[in-house]
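Architecture and fold: a report
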Amino acid sequence: MATAAVQKMSRFFPSPRQVWKLPGLLAALAAPEPGSTVGRAEVPRLFWKPHIYSGYRPLHRAWHFYFLSLFQTHNEAVNVWTHLAAALALLLRLARFAGTVDFVGDPHARPLFLIVLASITYLLLSAAAHLLQAKSEFWHYSFFFLDYVGVAVYQFGSALAHFYYTIEPAWHARVAAVFLPAAAFLAWLSCAGSCYAKYRQLPGLLGHVCQEMPSGLAYALDISPVVHRIYVAQELGREDPAILYHKCQVLFFLLAAAFFSACSPESWFPGKCHLFGQGHQLFHAFLVLCTLAQLEAVALDYGGRRAVYEGLHRHPPHDFSALFLLTVACSVLTALYMSSRVRRELSRKED
């Protein structure tokens with residue numbers, strides 16, 4: 001009977017011959033299909049990147065074509081992998097937190113869980129947008145609308161973590177009544193402005209104002225507890241290991257913001273940066289570094305400033321959870337609404 005059971009169970013496992021063939025099968029799947037990338041002239045203008053003339057994926061292929069392009073070379077590959085690798089690193093970091101932090105029993109640990117969750121969310125949605133947006137014009141808009149949802153979620157998660165763990169009592173006394181509601185509103189406004197700018201394809205300064213002004217206001221509010229904390233630490237000469245990580249997150253974010261709007265260095269080498277060297281790739285890299293530095297700083301604040309934040313939040317409010325869910329819901333509904341408008345407009349063009 002034992003032998004028969006082993007034989008039955010063996011059916012669920014690959015044979016040595018199948019295992020031997022597995023690398024070849026994976027290589028065959030990941031091998032570029034004929035015509036897996038095309039030149040800029042062969043895709044609609046919507047998909048064009050400034051100064052990038054090749055490496056585009058053709059539209060209207062089967063979904064598996066775009067999923068398998070994860071393992072192929074094209075002009076979005078680096079943008080996908082920077083955020084996908086970072087999301088995996090944060091999942092591992094969350095597993096480490098789970099071994100030392102009581103996310104269920106300690107109400108003061110919930111903002112830490114939310115910032116990790118928000119970070120993973122924006123990274124995965126961004127990776128999905130860059131990987132799958134080439135399917136069609138409709139999916140291009142829709143996936144980038146979801147990308148903006150992820151950004152809004154991350155913005156509010158950052159604001160919550162800074163307000164809960166990093167803030168000094170003096171700054172808390174000034175902004176406590178309005179900080180989180182304002183952060184939730186500005187996060188949604190950032191999502192809505194980005195969706196509208198994308199939908200209308202607003203050119204030049206107008207597009208930057210519509211997309212970047214709400215994000216800039218959100219960042220100014222969200223980072224204010226960190227800036228105040230750095231100032232106080234320098235004034236008092238405190239030795240605080242979290243301060244270095246906070247300084248790094250500010251520096252990396254400013255570098256990311258600089259590359260977000262600049263088409264450099266690809267503008268210096270037109271047609272030469274279809275795989276590497278795009279400004280948006282550098283934006284991704286610095287934003288990932290910002291997120292990693294931020295989480296290390298917040299983790300140190302959670303472990304080292306308990307007496308401070310327990311005093312500020314003696315009765316941990318549950319409204320931050322409601323505001324988090326409200327931000328998610330409003331951002332998702334905005335993205336769905338904008339996707340429906342895109343679908344209607346594309347349908348009219350086809351008619």
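In this text the structure is predicted, and so the values were computed from the model without any measurement. (Residues numbered from 1 in each chain as written. Predicted model: local features only at pLDDT ≥ 70, side-chain atom pairs only at ≥ 80, totals over all residues. Heavy atoms only, no water.)

Next up on the list: the UniProt feature "binding site: Zn(2+)" (unreviewed entry) in the protein. The positions UniProt marks with the feature "binding site: Zn(2+)" (unreviewed entry) are His 130, His 280 and His 284. Across 155 residues in sequence, these annotated residues keep their C-alpha atoms within 11.4 Å of one another, forming a single compact spot. Tracing the chain through its elements places His 130 in helix H5 (residues 110-132). Residue His 130 is classed as buried on the basis of its relative accessible area, which comes to 3%. Filtering out sequence-adjacent residues up to four positions away, His 280 remains in contact with Asn 79, His 130 and Phe 260. (UniProt positions renumbered as here; feature names shortened; annotations may be inferred. Helix = DSSP H or I, 4+ residues; strand = E, 2+ residues; numbered from the N terminus. Buried < 20%, exposed > 50% of the residue type's maximum accessible area, 1.4 Å probe, protein only. Contact = heavy atoms within 4.5 Å.)

Take helix H13 (residues 319-350) next. In a regular helix each residue adds 1.5 Å, so 32 residues correspond to 46 Å; H13 covers 46 Å between its end C-alpha atoms and thus fits that length. Within H13, burial applies to Phe 320, Leu 323, Phe 324, Thr 327, Ser 331, Thr 334, Ala 335, Met 338, Ser 339, Val 342 and Leu 346. Where H13 is buried, its residues touch H5, helix H6 (137-166) and helix H8 (179-200). (Expected span 1.5 Å × (residues − 1).)

We now examine the pattern of salt bridges. Once their charged atoms are close, side chains differing in charge can pair, the charge on each being opposite to the other. Tallied over the entire structure, the rule returns 8 salt bridges. Among the salt bridges present, the one from Arg 229 reaches Asp 240, with a minimum N-O distance of 2.5 Å. Of this pair, Arg 229 sits in helix H9 (residues 204-236) while Asp 240 sits in the loop between H9 and helix H10 (241-261), and the two are 11 residues apart along the sequence. Relative accessible area serves as the criterion here: at 2%, Arg 229 is assigned to the buried category. With a relative accessible area of 26%, Asp 240 lands in the partly exposed category. For Glu 310, the salt bridge is made with Arg 306, and the minimal N-O distance between the two is 2.9 Å. (Salt bridge = Lys/Arg side-chain N within 4 Å of Asp/Glu carboxyl O.)

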